[in-house]
Amino acid sequence: MKSTRRPFHALPALCLLAVVGACEVTGTSGPIALEPIEVTPQSGARSLFGAWLAYTIEVSSLTDGAVSRDLVPSGGIFSLRVDPDATYTRLTSLTGGALTRHKGTLVITESTLTLVPDNGFEPTVVYTYRLSGEVLKLDFEGTFDVDRDGVEEGVVFHTELIENPISLGNR
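A brief look at the structure comes next. Nothing here was measured: the structure is a model prediction, and the numbers come from that model.

### A short note on the overall build of the chain
Broken down by element type, the chain carries one helix and nine strands. Buried positions account for 44% of the 171 residues belonging to the chain. Accessible area for the chain stands at about 8,900 Å²; split by element, carbon and sulfur atoms hold 56% of it.

Dropping the structure here:
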C-alpha cells in the first residue's frame, strides 16, 4: 500500500531535536481558529494522541492574500505533543530562533481544539482544526510581520502537521 504522507522536512526536526533539551522559553501566541470537523467522544483527543510536527507554517496577510510565505524553509518550527491525559506540550519558533515551550490542558469540541496553559498567565489558544487522514490542519488569526517591513499586521496562520516520525511511543 502506497503511503499518503507528505514529504518530511528533516531540517526542522533536526533543529528541534538539537534544542529541545536546552531551549529558551520566551513569548506567547495569539488566538487561533481552524476548519471544523466532527469529533465524537471516541475519536476526539484519542485520534490526536502522539507527537505532531509541522511541515508547513504558511502565513498570509488578512488585508492582502497575495502576501504570504512559508516559515518552515527559514527554520520555523511548530511541534505539538498530545498525551492520553489530555495534556499537551507545544514547541514553537516561527523565525528559527529560540524555541518557546507551552504546556497545559487540551480541550476538544466538534470544531475547536483549545490549548489552556497551566502557568496562569499565557493566553488560552483556540484553534479550529481538521484531521484529514494523517495530516492535522490548524488555522488561526494573529499578528506577524509577514511582509518583513518591521510592522506586525493581521495574518492567518495555516499549519499542517504530520505525526513526528522521530518520536517514540506515539500511540
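### Some points on unusual backbone geometry
A positive phi is found at A86, a non-glycine position, where the angle reads about 65°. On the secondary structure map, A86 appears in the loop between β3 (77–82) and β4 (87–93). With a phi close to 55°, R148 is a non-glycine residue in the positive phi region. Inspection of the secondary structure assignment puts R148 in the loop between β8 (135–144) and β9 (153–163).

### Some thoughts on the side chain of T114
Examined against the element boundaries, T114 turns out to sit in strand β6 (residues 112–117). Judged by relative accessible area, T114 falls into the buried class, the value being 12%. Ignoring any residue separated from it by four or fewer positions in sequence, one finds T114 in contact with T105, L106, V107, T124, V125 and V126.

### Things to note about the side chain of H102
Inspection of the secondary structure assignment puts H102 in strand β5 (residues 100–108). Given the relative accessible area of 1%, H102 is considered buried. One polar contact links H102 to E122, side chain to side chain, over a distance of 2.5 Å.

### So, the environment of L115
Note on placement: L115 falls in strand β6. By relative accessible area, L115 is classed as buried at 1%. In sequence terms L115 and H102 are 13 residues apart; their C-alpha atoms lie 9.1 Å from each other.

### Here's the deal with the pairing of β3
A regular strand carries its side chains on alternate faces of the sheet. Judged by how many residues are buried, β3 sits mostly within the fold: five of six residues are covered. Relative to β3, strand β1 (residues 50–61) is paired through four bridges, and the arrangement is antiparallel. Across the sheet, G50 pairs through a bridge with V82, a residue of β3. Direction of pairing for β3 relative to β4: antiparallel, over a ladder of six bridges. Within β4, the residue paired with R81 across the bridge is T89. Linking two consecutive strands that pair antiparallel, namely β3 and β4, is a turn of four residues; a positive phi of about 65° is found at A86 within it.

### Let's talk about the packing of aromatic side chains
Tallying each qualifying case throughout the model produces three aromatic pairs. Ring geometry for Y127 and F140: centres 6.0 Å apart, planes at 80°, overall edge-to-face. Taken as a pair, Y127 in strand β7 (residues 125–132) and F140 in strand β8 lie far apart in primary sequence, 13 residues in all. We classify Y127 as buried; its relative accessible area is 1%. For F140, a relative accessible area of 9% gives the class buried. Clustering of aromatic rings is evident, with ring pairs tying together Y127, F140, F144 and F157.

Scoring rules and cut-offs
- Residues numbered from 1 in each chain as written.
- Predicted model: local features only at pLDDT ≥ 70, side-chain atom pairs only at ≥ 80, totals over all residues.
- Heavy atoms only, no water.
- Helix = DSSP H or I, 4+ residues; strand = E, 2+ residues; numbered from the N terminus.
- Buried < 20%, exposed > 50% of the residue type's maximum accessible area, 1.4 Å probe, protein only.
- Areas by Shrake-Rupley, 256 points an atom, 1.4 Å probe, with all protein chains shown as cover.
- Contact = heavy atoms within 4.5 Å.
- Polar contact = N/O pair within 3.5 Å; in protein donor to acceptor, adjacent residues only side chain to side chain.
- Pairing = 2+ DSSP bridges.
- Phe/Tyr/Trp six-rings, centres within 6.5 Å; stacked < 30°, edge-to-face > 60°.

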